[in-house]
Amino acid sequence: MDLYAAMRTTGAVRQFTGEPLPDDVLERILDNARFAPSGGNRQGIRVIAVRDMTTREALAELSAPGAQRYTAQIANGESPWNPLHPCGVPEETIAATEVPRGMVTPLLNAEVVLAICLDLGVAAALDQDLDRIGVISGASVYPFVWNVLLAARNEGFGGVLTTMAVAREPGVKALLGIPDQYAVAALVPLGKPAKQAKKLTRKPVADIVTRERFDGAPL
Ligand SMILES: Cc1cc2nc3c(=O)[nH]c(=O)nc-3n(C[C@H](O)[C@H](O)[C@H](O)COP(=O)(O)O)c2cc1C
């Protein structure tokens, strides 16, 4: 598949046909995704490929509270899970919010769920002493996650980067036997897309790129 075509059409896939995703295809996807960069090339990524339905049900359950808060905050006009703006929705309202099925069913209906982890013992975080939320350590794992989705697209499969379960990371780690030193970066359900987005909605270059300074002229 043409690289630019893949980049422009690899949207979030949350519905799957049920067609199998065989291990040899999965292996090929991961064999190409592993060429993603990481800080200092330390390659602290570990992936757990989960096919077992009981385990996936537990992952869906662990994703539910995060998804409830996401939905409740949107309903309250907030930017969900934003670290700069505390959640303004009461706990009881969140707990009473219906679990958005579209956010948990991909974990059940996909052919495989990849739990993608990062060894924090080798992650480089140049922003660790700054007085703000860290973002740099994520850059040692998310290029890999994106490569997985691009490679899956190239193989005729698809999926979505999900993070709702990470709000319950201790439960995910206990379920999958993940050592303390690892962070859970994403759960990625993969399968044959029921439909493929043709056009993704993204800001134009002129809205996100300026010349020379943040307040410079648009490119
Ligand atoms: C950091 C991150 C976290 C995300 N978490 C979730 C998630 O937990 N559940 C989900 O369904 N989608 C999740 N997504 C997918 C986004 O909703 C999706 O990429 C975005 O809406 C664009 O969708 P599109 O490519 O189909 O236009 C996440 C994406 C990113 C980059």
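Rules used in this analysis
- Residues numbered from 1 in each chain as written.
- Predicted model: local features only at pLDDT ≥ 70, side-chain atom pairs only at ≥ 80, totals over all residues.
- Heavy atoms only, no water.
- Pairing = 2+ DSSP bridges.
- Helix = DSSP H or I, 4+ residues; strand = E, 2+ residues; numbered from the N terminus.
- Contact = heavy atoms within 4.5 Å.
- Axes fitted to C-alpha atoms, helices over the stretch in contact; angles between N-to-C directions.
- Near = heavy atom within 4 Å.
- Polar contact = N/O pair within 3.5 Å; in protein donor to acceptor, adjacent residues only side chain to side chain.
- Areas by Shrake-Rupley, 256 points an atom, 1.4 Å probe, with all protein chains shown as cover.
- Nonpolar A, V, L, I, M, F, W, Y, C, P; charged D, E, K, R; others polar.
- Buried < 20%, exposed > 50% of the residue type's maximum accessible area, 1.4 Å probe, protein only.
- Salt bridge = Lys/Arg side-chain N within 4 Å of Asp/Glu carboxyl O.

Colleague: Lay out the sheet that holds strand S1 (residues 45-50) in plain terms, naming residues and giving numbers.
Modeller: Backbone hydrogen bonds hold the strands of a sheet together, and the pairing may be parallel or antiparallel. Spatial ordering of the open sheet is given by S1-S2-S4-S3, a layout of four strands whose pairing is antiparallel. Bordering the open sheet on either side are S1 and strand S3 (158-159), each of which pairs with just one other strand. Note that S3 and strand S4 (residues 182-191) share two bridges and pair antiparallel. The residue of S4 that forms the bridge with Gly159 is Leu190. Against the sheet, helix H7 (residues 169-176) touches S1, strand S2 (112-119) and S4, its axis set at about 75° to S4.

Colleague: Could you give an account of the site of the ligand, naming the residues involved and the relevant values?
Modeller: Close to the ligand lie Gly11, Ala12, Arg14, Val160, Leu161, Thr162, Thr163, Met164, Leu200 and Arg202. Contacts to the ligand include Leu161, whose backbone N or O atom sits 2.9 Å from a nitrogen atom. Coverage of the ligand by the protein amounts to 60% of the 630 Å² it exposes when considered alone. Here the shell around the ligand is built from residues that sort into five nonpolar, three polar and two charged.

Colleague: Give a detailed account of the pairing of S2, specifying residues and quantitative values.
Modeller: In terms of burial, S2 is largely enclosed, as eight of its eight residues are buried. By the alternation rule, side chains of S2 split into Val112, Leu114, Ile116 and Leu118 and Val113, Ala115, Cys117 and Asp119, which are all buried. For S1 and S2, the ladder comprises six bridges, and the chain directions are antiparallel. Residue pairing for S2: Ala49 is matched across the bridge by Leu114. With eight bridges joining them, S2 and S4 adopt antiparallel strand pairing.

Colleague: How would you summarise the pattern of salt bridges if you had to cite specific residues and measurements?
Modeller: Counted by the stated rule, this structure contains seven salt bridges. The partner of Asp127 in a salt bridge is Arg132, and the shortest N-O contact between them spans 3.0 Å. Given a relative accessible area of 3%, Asp127 falls into the buried group. Accessibility expressed as a relative area gives 43% for Arg132, which makes it partly exposed.

None of the figures reported here should be taken as evidence of function without further support.
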